[in-house]
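# Results of the structural survey
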Amino acid sequence: MDRHTFPTDLLKSQEAWYVTYQHLADVPTSGAAAHRRRLLQLSRLIAAHPYWQTPYGTPAARVALKEQARAQAAKARP
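Since the structure is predicted, the reported quantities are computational estimates derived from the model, not experimental observations.

### Describing the packing of helix α1 (residues 8-26) against helix α2 (residues 33-47)
Between α1 and α2, the shortest axis-to-axis distance is 9 Å and the interhelical angle comes to 160°. With respect to α2, the element α1 is oriented roughly antiparallel. For the pair α1 and α2, the crossing hand works out as left-handed. On the side of α1, the interface is formed by Leu10, Ser13, Gln14, Ala16, Trp17, Thr20, Tyr21, His23 and Leu24, while α2 contributes His35, Arg36, Arg38, Leu39, Leu42, Ser43, Leu45 and Ile46. Of the residues assigned to the contact of α1 with α2, the class counts are nine nonpolar, six polar and two charged.

Have a look at this one:
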């Protein structure tokens with residue numbers, strides 16, 4: 001499988017997205033608004049990242065970013 005090298009800030013943003021999503025799933029409905037706002041903020045950062053304008057920013061790279069970030073977020077979970 002082709003290994004992608006992602007900018008650190010992009011990878012960290014995607015990882016933070018997964019962590020925030022998990023927090024959203026774990027909190028009661030009354031505390032969810034802040035997590036939803038954070039997800040929207042992170043989604044904008046990820047989608048607008050300059051990396052996607054390079055030749056490396058392919059649909060396959062988007063999938064690889066998600067897989068790599070999901071694995072890192074799972075490792076960081078207690």
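### A look at the side chain of Ser13
With respect to the helices and strands, Ser13 occurs in helix α1. Residue classification places Ser13 among the buried positions, given a relative accessible area of 14%. Every residue in contact with Ser13, bar those within four places of it in the chain, is listed here: Leu42, Leu45 and Ile46.

### Comments concerning the pattern of salt bridges
Using the criterion set out here, one finds one salt bridge in the structure. The residue Lys12 makes a salt bridge to Glu15 at a minimum N-O spacing of 3.9 Å. Separated by three residues within a single helix, Lys12 and Glu15 lie in helix α1, roughly one turn from each other.

### Quick look at the nonpolar core
One finds Phe6, Leu10, Leu11, Tyr18, Ile46, Tyr51, Trp52, Ala61, Ala64, Leu65, Ala69 and Ala73 forming the largest nonpolar core, which totals 12 residues. Going through the elements one at a time, α1 and α3 (59-76) are the ones with two or more residues in this core. If one sorts the elements of this core by residue count, α3 sits on top with five residues. The residues contacting Leu10, other than those within four sequence positions of it, are Ile46, His49, Tyr51, Trp52 and Leu65.

### Describing the environment of Arg70
Mapped onto the elements, Arg70 comes out in helix α3. By relative accessible area, which is 45% here, Arg70 ends up partly exposed. Here the alpha-carbon distance between Arg70 and Leu11, two residues 59 residues apart in the chain, equals 9.9 Å.

Calculation criteria
Sequence positions are assigned chain by chain, starting from 1 and proceeding in written order. In keeping with the model being predicted, local features are shown solely for residues with a pLDDT of at least 70 and side-chain atom pairs are shown and tallied solely at 80 or more, while totals for entire chains, interfaces and linings include all residues. Computation of side-chain values covers all heavy atoms of the structure but excludes hydrogens and water. Lines fitted to the C-alpha atoms define the axes, with helices restricted to the stretch that makes contact. Angles between their N-to-C directions range from 0 to 180 degrees. Helix and strand assignments come from DSSP, with helices taken as H or I runs of at least 4 residues and strands as E runs of at least 2, each series counted from the N terminus. Orientation is classified from the angle alone, with under 35 degrees giving roughly parallel, over 145 giving roughly antiparallel, 65 to 115 giving roughly perpendicular, and any other angle giving oblique. Left-handed describes a crossing in which the near helix is turned anticlockwise from the far one by less than a right angle; the clockwise case is right-handed. Contact definition: two residues touch when any of their heavy atoms are within 4.5 Å. By the convention adopted, Pro, Cys, Tyr, Trp, Phe, Met, Ile, Leu, Val and Ala count as nonpolar, Lys, Arg, Asp and Glu as charged, and the other residues, Gly among them, as polar. Each residue is assigned to one of three classes by its accessible area relative to the maximum for its type, calculated with a 1.4 Å probe on protein chains only: buried under 20%, partly exposed between the two thresholds, exposed over 50%. The salt bridge definition used is simple: a Lys or Arg side-chain nitrogen within 4 Å of an Asp or Glu carboxyl oxygen. To form a nonpolar core, buried Ala, Val, Leu, Ile, Met, Phe, Trp, Tyr and Cys residues must be joined to one another through side-chain atoms within 4.5 Å.

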